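A look at the structure
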Amino acid sequence: MPKPPSTTDSPDSKDVELARLRAQNAEQAKQIAELLQRIRDLEARLAKDSHNSSKPPSSDPPFKKPPPRSRRVRSGMKPGGQKDHPGATRALVEDPEHRIVVPLEGLCSCGRDCAELAVEVLPERRQVIDLVVRREVTEYRTVTGVCACGQAHCSAFPDALGAPVQYGPGLSALAVYLTHYQLLPYRRSAELLGVLAGITLSPATLVNMGREAAARLVAPVAAIGQSIVRSAVAHADETGMRVAGALQWLHVLCTSVLTFYAVHAKRGAEALTGIGLLDGFRGILVHDHWRAYLSTPAQHAFCNAHHLRELIALAEADPVLSWPKQLIALLCEANDATIAARAAGLEALPAAVVEDFFTRYDSILADGAFFHPQRLPPPGSRRRVKQTPAYNLVARLRTHRDEVMRFVTDLRVPFDNNLAERDLRMPKLKQKVSGCFRSPEGAAAFATVRSYLSTLRKQSIDLYPALVMTFRGQPPMPHLP
């Protein structure tokens, strides 16, 4: 007897099975696309180093040397002094502390003792430059006397001598110079002073010296900040700083001759408002397109070194793309043109040259927008879709074209924000050497002293004598443009 036909073999069941398989295939295709995108994102993250991202060079793995970041062209000459280079040698000192005349020794061939001969000092001189560090203690004593009328009088110690034993301005200045400029840890600075000068100091004493210097420098540093607010072009940046075991932020606002640091618990607009300088700044602010800076009333110029690194990352991730390489070449060409214009004493690039740069800039980014379109949410969905880094970069460069190309339209504006990044490098080194700051007060004191020392260094003013004058109550005021 034949079997009845199976219900699973009916046309309706086959259509259902086919629809299920198609839905499963579509779901798998979606998962594969998502996994492929995750793989690409992870590979791009692994490929990032200091030459194609904002990661510092110290984070580069030692076994993988990144391509050179400099655009300098090799000259082909050997390093060091070239042929016919005049060279230089240290000049003789005209007033040495000690003079030694080397006597004659030995016997003449006739048997006479050379030490008994009449001698004449020859004009040739040779000198040895050495260093002598020694402790110098100055003791003060008061006196008493009786007037003829019978009244007794007693002299008084100077107002600065408030304790039986204290440290002078020279020692305090050297301690602050070592800890706040040379960035030595407090314990090692105390050890150095003990070895060289025989003065036993505790690290806590050096901390107090730094805070005393900061208290004496409040007025000069405040004047530095206000002078930066009045400048035509300033640079801003920030970096993380560990304070009392928590993450805080070291902010810098600077020019080529002035530096102002401030430590704040926040990074964004709240910190800029709390520091209080950028609210009154009306010049051109150069920065790395951090959104908080855009809320200030200043004009803005973006750091193109960041853009070059992002463009290099795109070009390396997809060598087929041509627009990132074209934009890199355009930005570098524009930078070379501005450098040549400044060297020639021009106040601005010719209008035709500026228009050509902007036209090519817009054309290249139009190609970039074509290759990296915006991702749209599924129909009926209102959720935000994560865009690709390439799309975000193209959108930012097109939206903020004037800020990106500010260095072309205004020759006072540099190509990048390297000035602020350099000013942050040494405080960052302080943290790497010594670890975190133990208290917010210590971090604030370091920022104040470092603002003063960095400003003096930019103005070629000797730091140690200035610190000595600071501890004498008369800190030299730097030049305020």
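Look up: the structure comes first, before these words.
Attention in this report is confined to the structure presented alongside it. Every value quoted in this text rests on a predicted model; they were computed, and no experiment measured them. (Residues numbered from 1 in each chain as written. Predicted model: local features only at pLDDT ≥ 70, side-chain atom pairs only at ≥ 80, totals over all residues. Heavy atoms only, no water.)

Attention shifts here to the state of the cysteines. Taken as a whole and judged by the stated rule, the model has 0 disulfides. Cysteine Cys254 shares no disulfide, and the gap to the nearest cysteine sulfur, in Cys303, comes to 12 Å. Note on Cys254: relative accessible area 0%, which makes it buried. Between Cys332, a free cysteine, and Cys303, which holds the nearest cysteine sulfur, the sulfur-to-sulfur gap is 13 Å. Assessed through its relative accessible area of 11%, Cys332 is described here as buried. (Disulfide = S-S within 2.5 Å. Buried < 20%, exposed > 50% of the residue type's maximum accessible area, 1.4 Å probe, protein only.)

Our focus in this paragraph is the packing of aromatic side chains. Scanning the entire structure with this criterion turns up 4 aromatic pairs. Taking the centre distance of 5.3 Å and the plane angle of 45 degrees together, the rings of Phe437 and Phe446 count as tilted. Both residues of the pair, Phe437 and Phe446, count as buried. Here the guanidinium or amino end of Lys430 rests over the ring plane of Tyr186, the centre of that ring lying 5.0 Å away. (Phe/Tyr/Trp six-rings, centres within 6.5 Å; stacked < 30°, edge-to-face > 60°. Lys NZ or Arg CZ within 6 Å of the ring centre and 35° of its normal.)

Looking now at the environment of Gly240. Within the element layout of this structure, Gly240 appears in strand E3 (residues 233-243). Spatially, the C-alpha atom of Gly240 lies 21 Å from that of Thr296, the residues being 56 residues apart in sequence. (Helix = DSSP H or I, 4+ residues; strand = E, 2+ residues; numbered from the N terminus.)

This brings us to the side chain of Ser454. Its place among the elements puts Ser454 in helix H15 (residues 440-458). With a relative accessible area of 8%, Ser454 lands in the buried category. When neighbours within four sequence positions are excluded, Ser454 is seen to be in contact with Thr259, Tyr261 and Asp423. (Contact = heavy atoms within 4.5 Å.)

Further remarks concern the pairing of strand E4 (residues 246-254). Within a regular strand, side chains alternate between the sheet's two faces. Here E4 lies mainly inside the structure; 7 of its 9 residues are buried. Both E3 and E4 contribute to a ladder of 9 bridges, which runs antiparallel. Bridged to His235 within E4 is Cys254. Hairpin connection, E3 to E4: the antiparallel pair is bridged by 2 residues, and Ala244 has positive phi, about 55 degrees. Relative to strand E5 (residues 259-264), E4 runs antiparallel, the two being bridged by 6 bridges. Within E5, the position partnered with Leu253 by the bridge is Phe260. Once E4 ends, the chain turns through 4 residues before running back antiparallel as E5. (Pairing = 2+ DSSP bridges.)

The next point concerns a positive patch on the surface. A surface patch of positive charge is lined by Arg40, Arg45, Lys48, Arg375 and Lys386. Within the secondary structure, Lys386 is located in the loop between helix H10 (351-371) and helix H11 (389-399). You can call Lys386 exposed: its relative accessible area is 68%. (Patch = residues over 30% accessible without salt bridge, like charges linked within 9 Å, V, L, I, M, F, W, Y side chains within 5 Å. Areas by Shrake-Rupley, 256 points an atom, 1.4 Å probe, with all protein chains shown as cover. Salt bridge = Lys/Arg side-chain N within 4 Å of Asp/Glu carboxyl O. Lys, Arg positive; Asp, Glu negative; His and termini not counted. Charge placed at Lys NZ, Arg CZ, Asp CG, Glu CD.)

Okay, unusual backbone geometry next. For Leu183, which is not glycine, the phi torsion reads 65 degrees and is therefore positive. Secondary-structure assignment places Leu183 in the loop between helix H2 (169-181) and helix H3 (186-197). Here Leu183 falls in the buried class, since its relative accessible area comes to 4%. A positive phi angle is found at Ser460, which is not glycine, with a value near 60 degrees. For Ser460, the position within the fold is in the loop between H15 and helix H16 (463-471).

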